[in-house]
Amino acid sequence: PAVSAGQRLDAVQALPDNGAFAYVERWHDGYQKRVLGQEFTPFSPAMADGRKVIELCAAHPATARHVCAKLARFLIGDPPPPAAVQRATEAFIRHRDAPDQIARMIRALLDGPEATDPAHGRVRRPLELTAAAVRMLDIPFTAQPILVGEMARAGQFLFGWPTPDGQPLGADHYLGGGTLRARWGLLLGLAQNAWNTGLSPHLAALSGKGVGEAAYTIAVKLVGREAPAVAQQLASAWAVDRRPDRLRNPQEAALLAGLALLAPGFQTT
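This section reports on the structure supplied with the text.

Criteria and thresholds
Residues numbered from 1 in each chain as written. Predicted model: local features only at pLDDT ≥ 70, side-chain atom pairs only at ≥ 80, totals over all residues. Heavy atoms only, no water. Helix = DSSP H or I, 4+ residues; strand = E, 2+ residues; numbered from the N terminus. Buried < 20%, exposed > 50% of the residue type's maximum accessible area, 1.4 Å probe, protein only. Contact = heavy atoms within 4.5 Å. Phe/Tyr/Trp six-rings, centres within 6.5 Å; stacked < 30°, edge-to-face > 60°. Lys NZ or Arg CZ within 6 Å of the ring centre and 35° of its normal. Core = buried A, V, L, I, M, F, W, Y, C linked by side-chain atoms within 4.5 Å.

**A short note on the overall build of the protein**
Okay, so step 1: Within the protein, the regular secondary structure consists of 11 helices and four strands.
Okay, so step 2: Along the longest, intermediate and shortest principal axes, the C-alpha atoms of the protein span 80 × 50 × 30 Å.
Okay, so step 3: In the protein, buried positions account for 33% of the 269 residues.
Okay, so step 4: Here the analysis covers contacts within the protein between residues at least 6 apart in sequence; of these, 57% occur between residues at least 24 apart.

Here's what the structure looks like:
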């Protein structure tokens, strides 16, 4: 068995370069094997060994814990709450033969206080961050190729993660020096329509308003109950930069919105 990636079969033939599963009989070792303590019958029919390995792995408790921890990290927060992971793991194993195993597992995962506890959360990945900014600022969004590159610089190259374990959820990958700086640039550029992706319709109405009032208006949309503290920080930073205390045009409103997107409360789910 192999991932089809153009490997040569002989002087004339080759597997297609399409990433699909491929089975080549002469590459298969038919002799005796032991996997997870299970003895395999030698020279079994084609694909029998592969299917048995998949079945053993799917039924192993470590698989249940791994899958449930990843789901808990994605749906609840990082690090994943142990109690939620344990509930989901037990449901995974208990309903392993049920046709709705996944639904029962997720129900068990979310059926607890952790799912609504504001103490739990994780850092948004660049795509999630972009989507949240577009949604919160009501940007009439148009995707642009350059934006894909900006997200890649911030740590998420779409459909380009090189190994089959998927794009990381952990914060460490996105909060290094280079990726964090790119993250800030991504949000500032998005708010200021640097790549013709769309401009928030709310910015024009903020032109002429006091910085404190405008900052609060934006912060309410982005961080909710944290708005007063974020607005105060934005106004203080604006004053340190010796800018006028009133927004003179939509471009300044866009800059203020971009700075608001950098608030820690907006960086997490």
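Past the structure itself, the notes keep going.
**A closer look at the environment of His66**
Okay, so step 1: Its place among the elements puts His66 in helix α2 (residues 61-75).
Okay, so step 2: Its relative accessible area of 52% is what places His66 among the exposed residues.
Okay, so step 3: In the structure, His66 is positioned 23 residues away from Thr89 in sequence and 8.7 Å away in space, judged by C-alpha atoms.

**Some points on the packing of aromatic side chains**
Okay, so step 1: Considering all chains together, one arrives at one aromatic pair under this definition.
Okay, so step 2: Centroid distance Tyr31 to Phe43: 5.0 Å. Interplanar angle 65 degrees. Geometry classified as edge-to-face. One end of the pair, Tyr31, is in the loop between β2 (17-22) and β3 (33-35); the other, Phe43, is in the loop between β4 (38-40) and α1 (48-59), with 12 residues separating them in the sequence. In this pair, the class of Tyr31 matches that of Phe43, namely exposed.
Okay, so step 3: Between the NZ or CZ atom of Lys52 and the centre of the ring of Phe40, over which it lies, the distance is 4.7 Å.
Okay, so step 4: The lysine or arginine in question, Arg243, covers the ring of Trp238, its NZ or CZ lying 5.1 Å from the ring centre.

**Structural notes on the nonpolar core**
Okay, so step 1: One finds Leu222, Leu247, Leu256, Leu261 and Phe266 to be the most contacted residues of the largest nonpolar core, which totals 39 residues.
Okay, so step 2: Elements supplying a minimum of two residues to this core: α5 (126-136), α6 (145-153), α7 (177-191), α8 (203-206), α9 (211-223), α10 (227-240) and α11 (250-261).

By themselves, these are just geometric observations and shouldn't be taken as functional.
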